[in-house]
Amino acid sequence: MAYWLVKSEPFKYSWDQFVKDKKTFWDGVRNYAARNNLKAMKKGEQVLYYHSNEGVEVVGIAEVAKEFYQDPTTAEEAWVVVDLKPVKKLKRSVPLTAIKADKRLADMALVKLSRLSVQPVTEHEWNVIMELAGEQ
DNA sequence: GCCAACGTTGGC
DNA sequence: GCCAACGTTGGC
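Residues numbered from 1 in each chain as written. Chains lettered and ligands numbered in written order. Predicted model: local features only at pLDDT ≥ 70, side-chain atom pairs only at ≥ 80, totals over all residues. Heavy atoms only, no water.

Would you mind going over the protein's contact with DNA strand B with me for this structure?
Taken together, Asn-31, Tyr-32, Lys-112 and Arg-115 are the residues near DNA strand B. Each atom of DNA strand B within 4 Å of the protein was classed as base or backbone; sugar and phosphate made up 58%. The side chain of Arg-115 places a nitrogen or oxygen atom 2.2 Å from a base oxygen of DNA strand B. Residues that form the surface near DNA strand B fall into these classes: one nonpolar, one polar and two charged. (Near = heavy atom within 4 Å. Polar contact = N/O pair within 3.5 Å; in protein donor to acceptor, adjacent residues only side chain to side chain. Nonpolar A, V, L, I, M, F, W, Y, C, P; charged D, E, K, R; others polar.)

Set out below in structure tokens:
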């Protein structure tokens, strides 16, 4: 069971819009590292939903509803999407500043590889985020 | 709006 | 195959 984190700019596709849609395909990934992470996602795995630029915080949890398939928005075979559905909004959003301030999260891809838009999250990191969010 | 970090492109 | 130039992302 792996954990993931996806980034979205809220003015482009916000958590609220995601909840309203009930499901979305995660398109627009045009980076090989991010693409490889999409391909590694398995149905049912949990995904942190992060708002970049505005908010700059983890706002909710999503779940992989369908494993990767050809990106319907491009003819280029290199690119894929996955389907995601919302699970729940976090009790408290976890801002990047809180993540950076927590020593246990110093190695998170979010901190180290800030430009990667789809990234793996370790179980340990996941648990710390849940704690900071007031969950569990 | 600025700028650092990083990925990609293209000339050699 | 190297590396400089360029474009994009994303935090501040």
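Just to check I follow, could you spell out the protein's contact with DNA strand C for this structure?
Surrounding DNA strand C, one finds Lys-7, Tyr-50, Ser-52, Asn-53, Val-56, Leu-96, Lys-100, Ser-114 and Arg-115. At 3.3 Å from a phosphate oxygen of DNA strand C is found a side-chain nitrogen or oxygen belonging to Lys-7. In the environment of DNA strand C, a phosphate oxygen lies 2.7 Å from a nitrogen or oxygen atom belonging to the side chain of Tyr-50. For the surface near DNA strand C, a count of residues per class yields three nonpolar, three polar and three charged.

Help me understand the packing of aromatic side chains, please; the structure alone is not making it clear to me.
In this description, a pair of aromatic rings is defined by centroid distance and the angle of the planes. Counted according to the given criterion, the structure contains seven aromatic pairs. Judged by centre distance (4.4 Å) and plane angle (25°), the ring pair of Tyr-3 and Trp-126 falls under stacked. A residue pair is termed long-range when its members are at least 10 positions apart, and Tyr-3 in strand E1 (residues 3-8) and Trp-126 in helix H5 (residues 123-132) qualify at 123 residues. Take Trp-126: its relative accessible area is 7%, and that puts it in the buried class. Taking 5.6 Å as the distance between ring centres and 85° as the angle between the ring planes, the aromatic pair formed by Trp-26 and Tyr-49 counts as edge-to-face. (Phe/Tyr/Trp six-rings, centres within 6.5 Å; stacked < 30°, edge-to-face > 60°. Helix = DSSP H or I, 4+ residues; strand = E, 2+ residues; numbered from the N terminus. Buried < 20%, exposed > 50% of the residue type's maximum accessible area, 1.4 Å probe, protein only.)

Would you explain helix H2 (residues 32-40) in this entry?
Along an α-helix, a turn takes 3.6 residues, which lines up residues three or four apart on a common side. Taken together, the buried positions of H2 are Ala-34, Arg-35, Asn-37 and Leu-38. Seen along its axis, H2 keeps its buried residues to an arc of 160°; they face one direction. Elements in contact with the buried residues of H2: E1, strand E4 (57-70), strand E5 (80-95) and strand E6 (118-121). The backbone nitrogen of Ala-33 lies 3.0 Å from a side-chain oxygen of the residue at the head of H2, namely Asn-31. (Arc of directions from axis to C-beta. Contact = heavy atoms within 4.5 Å.)

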